[in-house]
Amino acid sequence: MLKWRELYEECVNCHKCGLGDNRTNMVFGDGNPRGKIMFIGEAPGADEDKTGLPFVGRAGQLLTKALESIGLYRKDDYYICNICKCRPENNRTPYGHEEEACIPYLRNQVALVRPKIIVCLGATAMNCILGKDWRITRDRGKWVERKGFYMTATFHPSAVLRDENKKAVFWEDLKNIKAKYEENFQVKNVDS
Ligand code: URA
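Residues numbered from 1 in each chain as written. Predicted model: local features only at pLDDT ≥ 70, side-chain atom pairs only at ≥ 80, totals over all residues. Heavy atoms only, no water.

(A) Structural context of the overall build of the chain. A count of helices and strands for the chain gives nine helices and six strands. For a compact globule of 192 residues, the expected C-alpha radius of gyration is about 16 Å, and the chain comes in at 16 Å, within 12% of that figure. Taking the principal axes of its C-alpha atoms as reference, the chain extends roughly 55 × 40 × 30 Å. In the chain, which comprises 192 residues, the share counted as buried stands at 50%. Restricting the contact set of the chain to residue pairs at least 6 apart, pairs at least 24 apart contribute 70%. Surface summary for the chain: the accessible area is close to 10,100 Å², and the carbon and sulfur share equals 47%. (Helix = DSSP H or I, 4+ residues; strand = E, 2+ residues; numbered from the N terminus. Rg over C-alpha atoms; globule rule 2.2 N^0.38 Å. Buried < 20%, exposed > 50% of the residue type's maximum accessible area, 1.4 Å probe, protein only. Contact = heavy atoms within 4.5 Å. Areas by Shrake-Rupley, 256 points an atom, 1.4 Å probe, with all protein chains shown as cover.)

Right, here's the structure in full:
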């Protein structure tokens with residue numbers, strides 16, 4: 001397992017798949033590197049490629065604001081990154097070989113952050129992490145415990161932007177994630 005600096009260096013110099021040849025910036029991750037919650041998306045879009053930061057475009061802003069409204073802040077409560085660290089052209093879904101090339105970096109990030117809760121954002125991350133048999137509409141909001149992590153999936157915020165009808169369940173899922181976090185891991189101030 002590499003330490004943060006070494007891992008970042010590997011990713012920034014990576015050309016294991018073709019995505020590395022066309023990137024403006026490698027998009028490593030953001031948030032609290034000791035966050036108890038880790039959100040995992042698919043791959044950077046245009047805004048992320050431009051800035052080098054994950055989830056900063058329209059979908060990212062929707063997610064960030066929704067989380068803030070329930071008291072979860074990027075700098076304090078969670079770490080956020082993607083399966084693929086470089087942008088696929090025209091925002092296409094990453095190919096299997098691109099995910100496979102990049103997933104060891106994600107595993108290393110998980111090992112460094114040591115989150116308690118892992119949230120897959122959208123079908124791509126969910127199928128990659130939770131299994132090919134998971135279906136986003138059917139299985140979002142379910143919880144599984146694996147290797148000491150509580151794991152779940154919800155809609156990708158860009159799917160919520162495209163389809164208003166997904167908003168309510170997306171919101172429910174985020175509130176359940178917050179509840180799981182509070183229930184299990186947040187240190188509460190108890191007046192004695
Ligand atoms: N979509 C993703 O899956 N990740 C990002 O960082 C931005 C958009």
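(B) Quick look at unusual backbone geometry. Of note in the backbone geometry, Phe55 takes a positive phi value of approximately 50° without being a glycine. Considering the arrangement of structural elements, one finds Phe55 in the loop between helix H3 (46–51) and helix H4 (58–69). We classify Phe55 as buried; its relative accessible area is 7%. Of note, Asn90 is a non-glycine position whose phi angle comes to about 55°, a positive value. Within the fold, Asn90 resides in the loop between strand S3 (78–82) and helix H5 (96–113). Looking at Asn90, the relative accessible area reads 70%, which means it is exposed.

(C) Molecular detail of the site of the ligand. Gly41, Glu42, Ala43, Glu48, Pro54, Phe55, Asn82 and His156 make up every residue found near the ligand. Contact between the ligand and Glu42: an oxygen atom at 2.8 Å from a main-chain N or O atom of the residue. Between the ligand and the protein, one listed contact pairs an oxygen atom with a side-chain N or O atom of His156 at 2.8 Å. For the ligand, whose unbound accessible area comes to 240 Å², protein coverage reaches 91%. Here the shell around the ligand is composed, by residue class, of three nonpolar, three polar and two charged. (Near = heavy atom within 4 Å. Polar contact = N/O pair within 3.5 Å; in protein donor to acceptor, adjacent residues only side chain to side chain. Nonpolar A, V, L, I, M, F, W, Y, C, P; charged D, E, K, R; others polar.)

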